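Per-entry structural report
Chain by chain, the residues run as shown.
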Amino acid sequence: MNKFAEFVKMCNVTPVDSLIIDEAIASQFRDFEDAMQYYSAIREGADAIITRNIGDFEAAQIDVYEPQQFLNMLTGQ
């Protein structure tokens, strides 16, 4: 099994439907794809988003972490 398949098994893949797209279009996010990810995460009750583009999530109402920052938090570093 490849690494991506292993990763997907550990994750909850959230859906993107027309309601998510409508929310993304009406949002204040500068990047449409980030907006779709955000509203999909919100609908699914996510506590945080992990991204390399923290600046694109200034309007987020949940925590946003860079990958290394999140790993450091998990390991207590």
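Read on for a plain summary of the structure. Predicted model only: the values in this text are computed from it and were never measured.

In this section: the nonpolar core. Phe29, Tyr38, Tyr39, Ile49, Phe57 and Ala60 are the most contacted members of the largest nonpolar core, which has 13 residues in total. Excluding residues that lie within four positions of it along the chain, tyrosine 38 makes contacts with Phe29, Ile49, Phe57, Ala59, Ala60, Gln61 and Ile62.

Right, let's talk about the pattern of salt bridges for a bit. By the definition in use, this model includes two salt bridges. Across the pair aspartate 17 and arginine 43 runs a salt bridge, and its minimum N-O distance is 2.7 Å. Within this pair, whereas aspartate 17 is found in the loop between helix H1 (3-10) and helix H2 (18-26), its partner arginine 43 is found in helix H3 (residues 32-43), the two being separated by 26 residues in sequence. By relative accessible area, aspartate 17 is classed as partly exposed at 28%.

Before going further, it helps to examine the side chain of serine 40. Among the structural elements, serine 40 can be located in helix H3. Polar contacts involving the side chain of serine 40 include one to the side chain of threonine 14, which spans 2.5 Å.

Rules used throughout
Residues numbered from 1 in each chain as written. Predicted model: local features only at pLDDT ≥ 70, side-chain atom pairs only at ≥ 80, totals over all residues. Heavy atoms only, no water. Core = buried A, V, L, I, M, F, W, Y, C linked by side-chain atoms within 4.5 Å. Buried < 20%, exposed > 50% of the residue type's maximum accessible area, 1.4 Å probe, protein only. Contact = heavy atoms within 4.5 Å. Salt bridge = Lys/Arg side-chain N within 4 Å of Asp/Glu carboxyl O. Helix = DSSP H or I, 4+ residues; strand = E, 2+ residues; numbered from the N terminus. Polar contact = N/O pair within 3.5 Å; in protein donor to acceptor, adjacent residues only side chain to side chain.

Shape descriptors only; they carry no functional weight alone.
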